Amino acid sequence: MQRKRVISWGQSELHYYPYGEMLKLFTSMETSVKIAGGTYDAGKTYGLVAYMHFLALRYEGARMTFVHRSLNRVYRNIIPTYEKFLGYKPPSRDDNPKGLEVTRFGGERPEFFEYDNGTRIYMNGLDKPQNLLSDFFDAGFVNQAELLPFGAWDELTARVSERAGRMPIAYLVGDCNPSVPNHWIRQQAKEGKLEFYRMSFLDNPEIIEQGSERLKDFKIAFENNPNKELLKEIEDLFTPSGLRRVEKLKNLEGLRFKRGFLGVWASGEGLVFEEFEPETHIVDTTIMPNWKRYLSVDWGFRNPASVIWWALSPDDRLYAYKEIYKPGLTKPDLIRLIKKNCDPRYDRIQHAAVDSADQDGVEQLRRAGFRVNEPKKDRVAQIDAVKERLKKDPSGEPAIFFLRDRLVHPPDEDLKDDYRPVEVTDEFLSLSYAEKLKGTRRDDEDVVGDNHGIDGTSYLVQSLKGQRGIGSGRVIHGSVKMR
């Protein structure tokens, strides 16, 4: 069992002890801007939630904030980790019979958490920036900072400022997973504008017993030669759950292995969809009621089933605006979930594009009242058709977009635990060509990674081929403008 040590900070004693790079981050009190990055499952989010909690206890009346690019992800990513660290779900201020030190304001999606000493931690998303960008904070924690454009991070450094007035130094901290080699996080660290703390799963006390000289020496050797076979040398130090979690990391493939296990900031060599750019293709916008609506469906059970609701604008641009991405659903269960999430006012589906090889699924959809389109299956043609829409046209915009927070259900926990995609845009960032074949048409058919949502997307794109007519619409400031 993992031994807990007590760290004293200010007047509080708390049963959490940071190790390695996280300990350096905790004790670098003169450093105001700092990011913990590294492999998957390194305990980065947990450690930084603890850091924010300690700051909240130390400085009375402070104004602090949890931030994600998406406000929904604050509630899905940060708050569960925060509640795990606290050991309880903060009650409302009017319903706190146990006298717990943290309460919540705002129901199930709280506006802020409040401490006994008057400190508040506010919830903010960059997709809803009104409060965030009109106020000042003593401290802020940004989850998945690699997803932020640099301009947003730069603005946050101005908002997390001594002007808030409760801390002698304002702290802006973030966690991140590895991304592309030239990411702004690496550039800012190189220029000394932020302090970067490189972590790995070997720093996570839930995975491996910390504090021994043996582990310390192994970390140094492993960093110089990160061979997964070397982990056998310290198997006795892993917790039972840690062994299982590391085994999943060892089995990652391609780009996810480089980033998730090795912690390498690697580009997507061999990516099938190099044209996909989150900054360009993932948007916040409004779908107009008069746009035509479609479904794409890729059945699954052991693998995730994917259903995406699409809107087609008058200038022939596709917008994915709702999505199901979930394993363990039978076809009847999936169809019920589809119908439950179809708004009768707006989701008047023109047709559902479905895998033509699955005639049982085609028939079940028809019986459920959907018109079905069965595009011819051709892996190469499907990939090429999606690539074509991902490309920017003469107006400077692509012909396909994905609205942020499309999922009509919480991200699947089993997929998250296995480090697999939880929505179609995750697939675009990880699907790669197999390396064993070169120079033949078969290369384009042999891919590595999940592609369930991509397959569904390709069915819809193929079903619309021949109907395309590029218009003069363009996207301005996240809203669709027509001329």
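We now turn to the structure provided with this report.

What counts and what doesn't
- Residue positions are counted from 1 within each chain, in the order its sequence is given.
- At least 70 in pLDDT is required for a residue's local features to be given in this predicted model, at least 80 for side-chain atom pairs to be given and counted, and no such filter applies to totals for whole chains, interfaces and linings, which use all residues.
- Side-chain measures here rest on the full set of heavy atoms in the structure, leaving out hydrogens and waters.
- Strand pairing is assigned whenever DSSP identifies at least 2 bridges connecting the two strands.
- Numbering of helices and strands runs from the N terminus; a helix is a DSSP stretch of H or I covering at least four residues, while a strand is a stretch of E covering at least two.
- The axes are straight lines fitted to the C-alpha atoms, using for helices just the contacting stretch, and the angles between their N-to-C directions are given from 0 to 180°.
- Contacts: residue pairs with any heavy atoms within 4.5 Å of one another.
- Only protein chains enter the area calculation, which uses a 1.4 Å probe; residues under 20% of their type maximum are buried, those over 50% are exposed, and those in between are partly exposed.
- In protein, a polar contact means a hydrogen-donor-capable atom and an acceptor-capable atom, both N or O and within 3.5 Å, with residues adjacent in sequence counting only if both atoms are side-chain atoms; elsewhere, any N or O pair within 3.5 Å suffices.
- Read the arc as the range of directions from the helix axis to the C-beta atoms.
- Each salt bridge in this description consists of a side-chain nitrogen of Lys or Arg and a carboxyl oxygen of Asp or Glu lying within 4 Å of one another.

Considerations on the sheet that holds strand β8 (residues 139-142)
The strands making up a sheet associate through hydrogen bonds between their backbones, and the pairing can be parallel or antiparallel. The strand order across the open sheet formed by 8 strands is β5-β6-β7-β4-β8-β9-β3-β10, and the pairing between neighbours is mixed. Looking at strand neighbours, the two that pair on one side only are β5 (102-105) and β10 (195-199), the edges of this open sheet. Strand-to-strand twist across the sheet, computed as the mean angle between neighbouring axes with direction ignored, equals 20 degrees. For strand β6 (residues 112-115) and strand β7 (residues 120-125), the ladder comprises 3 bridges, and the chain directions are antiparallel. Opposite phenylalanine 113, over in β7, you have isoleucine 121 as the bridge partner. Running over the sheet, helix α2 (residues 44-58) touches β3 (33-38), β4 (63-68), β5, β6, β8, β9 (171-176) and β10 and is turned about 165 degrees from β9.

Structural notes on unusual backbone geometry
Phi at aspartate 41 is positive, roughly 60 degrees, even though this residue is not glycine. By secondary structure assignment, the location of aspartate 41 is in the loop between β3 and α2. Residue glutamine 144 is not a glycine yet carries a positive backbone phi of 55 degrees. One can find glutamine 144 in the loop between β8 and α4 (150-159).

Here we look at the side chain of histidine 183
Mapped onto the elements, histidine 183 comes out in the loop between β9 and α5 (184-190). Given a relative accessible area of 8%, histidine 183 falls into the buried group. Looking at histidine 183, its side chain comes within polar contact range of the main-chain oxygen of glutamate 146, at 2.9 Å. Beyond its immediate chain neighbours, meaning those up to four positions away, histidine 183 contacts Glu146 and Trp265.

Some words on the sheet that holds strand β17 (residues 400-403)
Read across the open sheet, the 7 strands follow the order β11-β17-β14-β13-β12-β15-β16; overall the sheet is mixed. Where the open sheet ends on each side, the last strands, each with one partner, are β11 (282-283) and β16 (372-373). The pairing of strand β12 (residues 292-298) with strand β15 (residues 349-354) spans 4 bridges and is parallel. Its bridge partner being in β15, serine 296 is matched across the sheet by alanine 353. Contacts from helix α10 (residues 331-340) reach β12, β13 (305-312) and β14 (318-326), with the element oriented near 30 degrees to β13.

Here's the deal with α4
Residues of α4 that are buried: Ala152, Trp153, Leu156 and Arg159. One side of α4 carries all its buried residues, which in axial view fall inside an arc of 115 degrees. In this fold, the buried residues of α4 make contact with β3, β4, β8, β9 and α5.

Regarding the pattern of salt bridges
One pass over the full model with this rule turns up 41 salt bridges. Here aspartate 41 ties to arginine 245 by a salt bridge, and the two come within 2.7 Å at their closest N and O atoms. In this pair, aspartate 41 is assigned in the loop between β3 and α2 and arginine 245 in helix α7 (residues 240-250), connecting sequence segments 204 residues apart. Judged by relative accessible area, aspartate 41 falls into the buried class, the value being 19%. We note a salt bridge from lysine 391 to glutamate 388, for which the minimum N-O separation is 3.7 Å.

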